[in-house]
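# Working through the structure, step by step
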Amino acid sequence: MQEKTRKKAERERIIFLLFCTVVPVANFIIFYLGANFSSIKMAFTDLNGALTLEHFVRLYKEVINGTQFMEAVKNTMITFLILVAVFPFKVLVSYFIYKKIPGAGFYRVAFFLPMIVFSVCVSLVFTNLIGPNGFIAQWIGDVMGLEKVPELLSDSRFAKWTIWAHMLWLGFPGDLIIWGGTFARIPTDVLESAQIDGVTWWTEFTKIIVPMVWPTVALQMVLLTCSIFGSSGQVWLLTRGEYGTHTIDSWMYMQLLNGSGGSYKSGVFNYMSAAGLVLTTIAVILSITVRKWTDKAFEEVEF
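Residues numbered from 1 in each chain as written. Predicted model: local features only at pLDDT ≥ 70, side-chain atom pairs only at ≥ 80, totals over all residues. Heavy atoms only, no water.

## A short note on the overall build of the protein
Defined as follows: Elements are defined by DSSP. Helices are runs of H or I of four residues or more, strands are runs of E of two residues or more, and each kind is numbered from the N terminus. Any residue under 20% of the maximum accessible area for its type is buried, any over 50% is exposed, and the rest in between are partly exposed; the area is computed with a 1.4 Å probe on protein chains only. To be clear on the numbers: accessible area is Shrake-Rupley with a 1.4 Å probe, and residue cover counts the displayed protein chains and nothing else.
What the protein contains, in helices and strands, is 14 helices and zero strands. If you list the helices and strands of the protein from N to C, you get α-α-α-α-α-α-α-α-α-α-α-α-α-α. Residues classed as buried in the protein amount to 35% of the 303 residues present. On the protein, roughly 19200 Å² of surface is accessible, and the fraction owed to carbon and sulfur atoms is 66%.

Shown next as structure tokens:
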């Protein structure tokens, strides 16, 4: 009787484990391996399934001729550089909040609130804030001596700068939870010892805090590099890529939207697969390079 009960329990355990693993494994095989294999195959085949490099040649011509694709690349690189420039300030802001400066609780809520509100709502607030009836657009018009109040998101002279300003506005709140949790793991004895020695906040931050949390810094830098060609901010919500604000993300989306005509046989899917493969390869190489550099920057600290 006990043997039957034991076998039944073991059988139920195996069924439970299979139930827990079959679905995610199938999801990984179908929607990751299958989708990526299909995408790579499409990059090297034409509509008839024959091997070809015409999609890569077309992309090369886009680069050489300086078309809209290159404008998208330029905007994406500027967007990425803004994210890189903001990154150390995000860490620094998180450090000051961790040190409980006056108003730290308010800053934590004020900075993090836009991150938990739907991006559509945040973009709508920003659009109204810098709209023709807002004081910002009127002030810019007065400073530049314009006859009419500029529509900052509908004017090619201002659209890109407005998008970048939006990114800076939302740049500091990012990763507050990650950095707050990372700093909280640092032993208080270390910081108290530094205070007794009379170190300044800058010395504490650069010589103690950063080396101790460097694995997290390195990981965030690698992840940032991985998403280099996905750096687009809220371009689609704010301008739909118009007025010279196209990034690679929005450019690829518009290529599929306008080029496919709802038909798989248009060839644009093959072209976008080739473009995605090239961009992914570049991103992987850059990410590996950054990872090797970060590994050599500081020795890992155990605490």
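## Regarding the nonpolar core
Operational definition: To define a nonpolar core, start from buried Ala, Val, Leu, Ile, Met, Phe, Trp, Tyr and Cys residues and group those joined through side-chain atoms within 4.5 Å. Here a residue-residue contact requires only that any non-hydrogen atoms of the pair lie within 4.5 Å.
Grouped together as the largest cluster of nonpolar side chains are 20 residues, with contacts concentrated most on F183 and I209. Mapped by element, the contributors of at least two residues to this core are α3 (68-98), α8 (176-184), α9 (188-196), α10 (201-212) and α11 (214-226). In contact with I209, not counting residues within four places along its chain, are Y95, F183, I186, L191 and E204.

## A word on the side chain of N75
Rules: The term polar contact refers here to a pair of N or O atoms within 3.5 Å; inside protein, the definition further demands a hydrogen-donor-capable atom paired with an acceptor-capable atom, and it admits residues adjacent in sequence only when both atoms are side-chain atoms.
Tracing the backbone through its elements, the reader meets N75 in helix α3. Only 2.8 Å separates the side chain of N75 from the backbone oxygen of H246, close enough to count as a polar contact. When residues no more than four places from it in sequence are discounted, the contact partners of N75 are K160, W164, G244, T245, H246 and T247.

## Considerations on the packing of α3 against α11
What counts, and what does not: Only C-alpha atoms enter the line fits that serve as axes; for helices the fit covers just the stretch in contact. Angles between N-to-C directions range over 0 to 180 degrees. Any angle that falls under 35 degrees is termed roughly parallel, while one over 145 is termed roughly antiparallel, one within 65 to 115 roughly perpendicular, and all others oblique. Gly is put with the polar residues, along with every residue not named as nonpolar or charged; the nonpolar set is Ala, Val, Leu, Ile, Met, Phe, Trp, Tyr, Cys and Pro, and the charged set is Asp, Glu, Lys and Arg.
Look at α3 against α11: their axes get within 11 Å of each other, and the N-to-C directions meet at 170°. Between α3 and α11, the angle falls in the class roughly antiparallel. Of the residues in α11, those touching α3 at F80, L83, V84 and F87 are V217, Q220, M221, L224 and T225. Residues of the contact of α3 with α11, tallied by class, amount to seven nonpolar, two polar and no charged.

## Side note on α8
This is how it is decided: Throughout, the arc means that of the directions going from the helix axis to the C-beta atoms.
All buried positions along α8 are accounted for by L176, W179, T182 and F183. Buried residues along α8 cover an arc of 135° about the axis, so they all sit on one side. Facing away from the buried side of α8 by more than 90 degrees, the exposed set consists of I177 and A184.

## Quick word on the side chain of N270
Looking at where N270 falls in the secondary structure, it is placed in helix α14 (residues 268-297). With sequence-adjacent residues up to four places away left out, N270 is seen in contact with M42, A43, T45, D46, L47 and H55.

## Quick look at a nonpolar patch on the surface
Keep this limit in mind: Exposure above 30% relative accessible area and no salt bridge define the residues that can form patches, which grow by joining like charges within 9 Å and nonpolar side chains of Val, Leu, Ile, Met, Phe, Trp and Tyr within 5 Å. Whenever a carboxyl oxygen of Asp or Glu lies within 4 Å of a side-chain nitrogen of Lys or Arg, that contact is scored as a salt bridge.
A cluster of nonpolar residues, V25, F28, I29, I30, F31, Y32 and L33, forms a patch on the protein surface that exposes about 720 Å² of accessible area. Within the secondary structure, F31 is located in helix α1 (residues 2-43).

## Here's the deal with the confidence of the model for the protein
As a reminder of what qualifies: The quantity called pLDDT is the predictor's confidence in a given residue, expressed from 0 to 100.
In this model, the protein carries an average pLDDT of 78, and 88% of its residues clear a pLDDT of 70 or more. Across the protein, element-level confidence peaks in α14 with a mean pLDDT of 85 and bottoms out in helix α4 (residues 104-116) with 69.

## Things to note about the packing of aromatic side chains
Put simply, the rule reads: Two rings from Phe, Tyr or Trp (for Trp, the six-membered ring) form a pair when their centres are within 6.5 Å of each other. A pair whose planes differ by under 30 degrees is stacked, one over 60 is edge-to-face, and the rest are tilted. The rule for a charge over a ring is simple: NZ of Lys or CZ of Arg within 6 Å of the ring centre, and within 35 degrees of the ring normal.
In this structure the tally under the stated criterion is eleven aromatic pairs. Ring plane angle 40° and centroid distance 5.0 Å describe the contact between F44 and F56, whose orientation is recorded as tilted. Taken together, the residues span a long stretch of sequence, with F44 in the loop between α1 and α2 (54-65) and F56 in helix α2 at a distance of twelve residues. Given a relative accessible area of 31%, F44 falls into the partly exposed group. Summarising the aromatic geometry, the rings of W251 and Y271 are spaced 6.3 Å apart at their centres and angled 85° between planes, so their arrangement reads as edge-to-face. A residue pair is termed long-range when its members are at least 10 positions apart, and W251 in helix α13 (residues 248-259) and Y271 in helix α14 qualify at 20 residues. As far as the burial class goes, W251 and Y271 line up, both buried. Taken together through their ring pairs, the aromatic side chains of Y95, F96, Y98, F183, W201, W202 and F205 make up a single cluster. The ring of Y271 has R58 lying over it, and the distance from NZ or CZ to the ring centre is 3.8 Å.

## Concerning the environment of A194
Residue placement: A194 occurs in helix α9. Judged by its relative accessible area of 5%, A194 is buried. In the structure, A194 is positioned 14 residues away from I208 in sequence and 8.6 Å away in space, judged by C-alpha atoms. Filtering out sequence-adjacent residues up to four positions away, A194 remains in contact with V199 and I208.

## Re the environment of S273
You can see S273 is positioned in helix α14. In this structure S273 comes out as buried when scored by relative accessible area, which is 9%. Taking the C-alpha atoms as reference points, S273 and F44, 229 residues apart in sequence, are found 8.7 Å from one another. The contacts of S273, once residues within four sequence positions are left out, are S39, M42 and A43. A polar contact of 2.8 Å, which involves the side chain of S273, links it to the backbone oxygen of F269.

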